[in-house]
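Residues per chain, in single letters:
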Amino acid sequence: MILFWGAPVVADDIARVISAAGCRDEEIAAVIDSVGPGRVAGMLVDEIAYRWDRPPVELGEEVVVQLCFRHGASGISYLVRVDPAGVTYEPNDVEKPHVRVEQDLREAVRAVFGPGDGRAAAGRRLELRGLDSPLAFVRPPPAFRVAQRLLATMDDRDGFGLTELAGRYGSDKWGIHRYTQHYQHHFEPLRDRPLTVLEIGVGGLSVSANGYGDPTKGGESLRMWKHYFPRALVYGIDIVDKRALSEQRITILHADQSNPAELDEVVKETGPLDIVIDDGSHRSEHVITSFRTLFPRVRDGGLYVIEDLQTSYWPRFGGNSDVFDGPSTSVGFLKALVDGLHYEEILDSSDRVLGDFDRAIKGLHFYHNIAFVEKGLNAEGGGPTWLRQPSRRRR
Ligand SMILES: C[S@@+](CC[C@H](N)C(=O)[O-])C[C@H]1O[C@@H](n2cnc3c(N)ncnc32)[C@H](O)[C@@H]1O
């Protein structure tokens, strides 16, 4: 297969803004100067509109918001319209908006992309129209709800769990499957980090394309990850060319998970990975090839997740319902990793040779149809020698 590269979103620039967001003002300022203040302001508004728009605030009328980012002596203004159909924005000024937010650009970068919640609002100015009417106490105007959502979006990251987000973005990771509880359990401690997340399989079932063949459909889970991990760069790969679905913080590449050379090209684009989710073909052979190729590229402390392990028992996917621990099925392969986890305890008399992943897997977690493999140095040392000796027979 020919690979088509050149995703339209410049992941490098947004990655620089995200990592600067956790630093001091001077470092944020340096990145703003090099990326360009206008582009950085645009990234912030795009992100705010994205998080804010799910679901749209239920309003009977349009609410106009002005976001103004101070930068030195100048300001960069965006006009944001919130109406029942959703949120749209354009770089523009507006007279008498319903809500006006003014904030130093560096501080806004820290609020939207920095670690931690609600720590970057000290210099923010918020103006609301309609406060001077006594009726505002009885029936708060729609602008109030819009402003509340805006501030939650900027500072509190709204705190939605994955089950909620799966519903909002249409991911089948909850509903058809019940994976979100397990994802939440393993991913929550990583949520605030500037991660690189790669999902194999972009999805987008379509009746007209007879399966996943429509290049304009899919990306539901990628959008869920983007919302859940506010500082992550999210990548998706698919055997169908779905690159047109790329957007800020989501880059989609065209690659076949069963081809190690193509996966190598993918990692050249993504750099080291923190999380890999295999939700692609679910054919055992492909699952094992992808793991062998991509797991070494996962950083220590990262996770490699394999979904839909039920296919390991189905011959149509290269699985087997008679032999459970053969090395050619996904579950058989994973079971062998459990032995590798204990390689230090295996007696010298055994003829088992050191496995490729023995020293690099710290933990394996299995749930119904899904497994999480934790990357990390597995070198605790074996049990004491006297305990490992075969016991002496008493006379
Ligand atoms: C179950 S869907 C993915 C759903 C998606 N991860 C989600 O949660 O919304 C499987 C996807 O894997 C893709 N796929 C199938 N074989 C593949 C392969 N060999 N390499 C990469 N992607 C593949 C299909 O085109 C399809 O889009």
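Since this is a predicted model, take the numbers as computed values, not measurements. (Residues numbered from 1 in each chain as written. Predicted model: local features only at pLDDT ≥ 70, side-chain atom pairs only at ≥ 80, totals over all residues. Heavy atoms only, no water.)

## Concerning the environment of Ala111
Looking at the element boundaries, Ala111 is found in helix 4 (residues 105-113). Taking the C-alpha atoms as reference points, Ala111 and Thr196, separated by 85 residues in sequence, lie 20 Å from one another. (Helix = DSSP H or I, 4+ residues; strand = E, 2+ residues; numbered from the N terminus.)

## A word on the site of the ligand
Taken together, 17 residues surround the ligand, and among them Glu199, Gly201, Ser221, Asp238 and Asp279 come closest. In this structure, an oxygen atom belonging to the ligand sits 3.0 Å away from a main-chain N or O atom of Gly203. Protein chains shield 90% of the accessible area of the ligand, which is 600 Å² for the free molecule. Across the shell around the ligand, the residue classes break down as five nonpolar, seven polar and five charged. (Near = heavy atom within 4 Å. Polar contact = N/O pair within 3.5 Å; in protein donor to acceptor, adjacent residues only side chain to side chain. Areas by Shrake-Rupley, 256 points an atom, 1.4 Å probe, with all protein chains shown as cover. Nonpolar A, V, L, I, M, F, W, Y, C, P; charged D, E, K, R; others polar.)

## With respect to the nonpolar core
Trp52, Val65, Leu67, Phe69, Phe291, Leu294 and Tyr304 are the most contacted members of the largest nonpolar core, which totals 70 residues. Ranked by residues supplied to this core, first place goes to helix 3 (residues 37-52) with eight residues. Shared between two domains, this core holds at least three residues of each, these being domain 1 (36-156) and domain 2 (162-375). Leave out the neighbours within four places in its chain, and Val65 touches Trp52, Tyr78, Leu79, Val80, Val82, Pro97, Val99, Val146 and Leu150. Ranked by size, the runner-up nonpolar core spans 28 residues in total, among them Leu165, Leu195, Trp225 and Ile370. (Core = buried A, V, L, I, M, F, W, Y, C linked by side-chain atoms within 4.5 Å. Buried < 20%, exposed > 50% of the residue type's maximum accessible area, 1.4 Å probe, protein only. Domains from an automatic or database assignment. Contact = heavy atoms within 4.5 Å.)

## Some thoughts on the pattern of salt bridges
For the structure shown, the criterion picks out 27 salt bridges. Glu27 is the partner of Arg24 in a salt bridge, and the nearest nitrogen-oxygen pair spans 3.1 Å. With a relative accessible area of 32%, Glu27 lands in the partly exposed category. With its nearest N and O atoms 3.6 Å apart, the salt bridge here joins Lys217 to Asp214. Here the salt bridges do not stand alone but share partners, grouping Arg70, Arg100, Glu102, Arg125 and Glu127 into one network. (Salt bridge = Lys/Arg side-chain N within 4 Å of Asp/Glu carboxyl O.)

## Observations regarding the domain arrangement of the chain
Domain assignment breaks the chain into domain 1 (36-156) and domain 2 (162-375). Spacing between the C-alpha centres of domain 1 and domain 2 amounts to 36 Å. Contacts between domain 1 and domain 2 engage 11 residues on the former and 11 residues on the latter. Arg249 is the salt-bridge partner of Glu47, the closest N and O atoms lying 2.5 Å from each other. For the interface between domain 1 and domain 2, the tally reads four residue pairs in polar contact (both at pLDDT 80 or more). Considering each element in turn, the side of domain 1 that touches domain 2 owes the most residues, five residues, to helix 3. Partitioning the side of domain 1 that touches domain 2 into residue classes produces five nonpolar, two polar and four charged.

## Overview of the sheet that holds strand 9 (residues 273-278)
Ordered in space as 8-7-6-9-10-12-11, the seven strands form an open sheet in which the pairing is mixed. On the outer flanks of this sheet lie strand 8 (250-254) and strand 11 (361-367), each paired with one strand and no other. If you compare each strand with its neighbour and ignore which way they point, the axes differ by 15° on average. As paired strands, strand 7 (residues 233-238) and strand 8 are joined by five bridges and run parallel to one another. In the strand pairing of strand 8, Asp238 is matched with His254. Packing of helix 8 (residues 180-187) onto the sheet brings it into contact with strand 9, strand 10 (298-306), strand 11 and strand 12 (370-375), and relative to strand 12 it is tilted by some 10°. Helix 9 (residues 220-228) contacts strand 6 (196-200), strand 7, strand 8 and strand 9 of the sheet and is inclined by roughly 165° relative to strand 7. (Pairing = 2+ DSSP bridges. Axes fitted to C-alpha atoms, helices over the stretch in contact; angles between N-to-C directions.)

## So, the environment of Leu337
Along the chain, the position of Leu337 falls in helix 12 (residues 330-341). On the basis of relative accessibility, which here comes to 10%, the residue Leu337 falls in the buried class. Along the chain, Leu337 and Gly363 lie 26 residues apart, while their C-alpha atoms are 9.6 Å from each other. Contacts of Leu337, omitting those with residues within four sequence positions, involve Phe291, Phe357, Ile361 and Leu364.

## What to know about a nonpolar patch on the surface
The grouping of Leu135, Phe137 and Val138 at the surface amounts to a nonpolar patch, some 410 Å² of accessible area in total. When you line up the elements, Leu135 lands in helix 5 (residues 135-138). For Leu135, a relative accessible area of 56% puts it in the exposed group. (Patch = residues over 30% accessible without salt bridge, like charges linked within 9 Å, V, L, I, M, F, W, Y side chains within 5 Å.)

## Looking at the side chain of Arg191
Structurally, the position occupied by Arg191 is in the loop between helix 8 and strand 6. Since its relative accessible area comes to 12%, Arg191 is described here as buried. In terms of polar contacts, Arg191 uses its side chain to reach the backbone carbonyl oxygen of Phe160, at 2.9 Å. If near-sequence neighbours (up to four positions away) are discounted, Arg191 is found in contact with Gly159, Phe160, Leu165, Tyr228, Phe229 and Pro230.

## Some details on helix 10 (residues 260-270)
Inspection of helix 10 places Glu262, Leu263, Val266, Val267 and Thr270 among the buried residues, and these make up the whole buried set. The buried residues of helix 10 occupy one face: seen down the axis, they fall within an arc of 145°. Contact partners of the buried residues in helix 10: strand 6, strand 7, strand 8, strand 9 and helix 11 (284-294). Where helix 10 starts, the residue carrying a side-chain oxygen 2.9 Å from the main-chain nitrogen of Ala261 turns out to be Asn259. Backbone geometry just downstream of helix 10 places Gly271 in the positive-phi region, at approximately 80°. (Arc of directions from axis to C-beta.)

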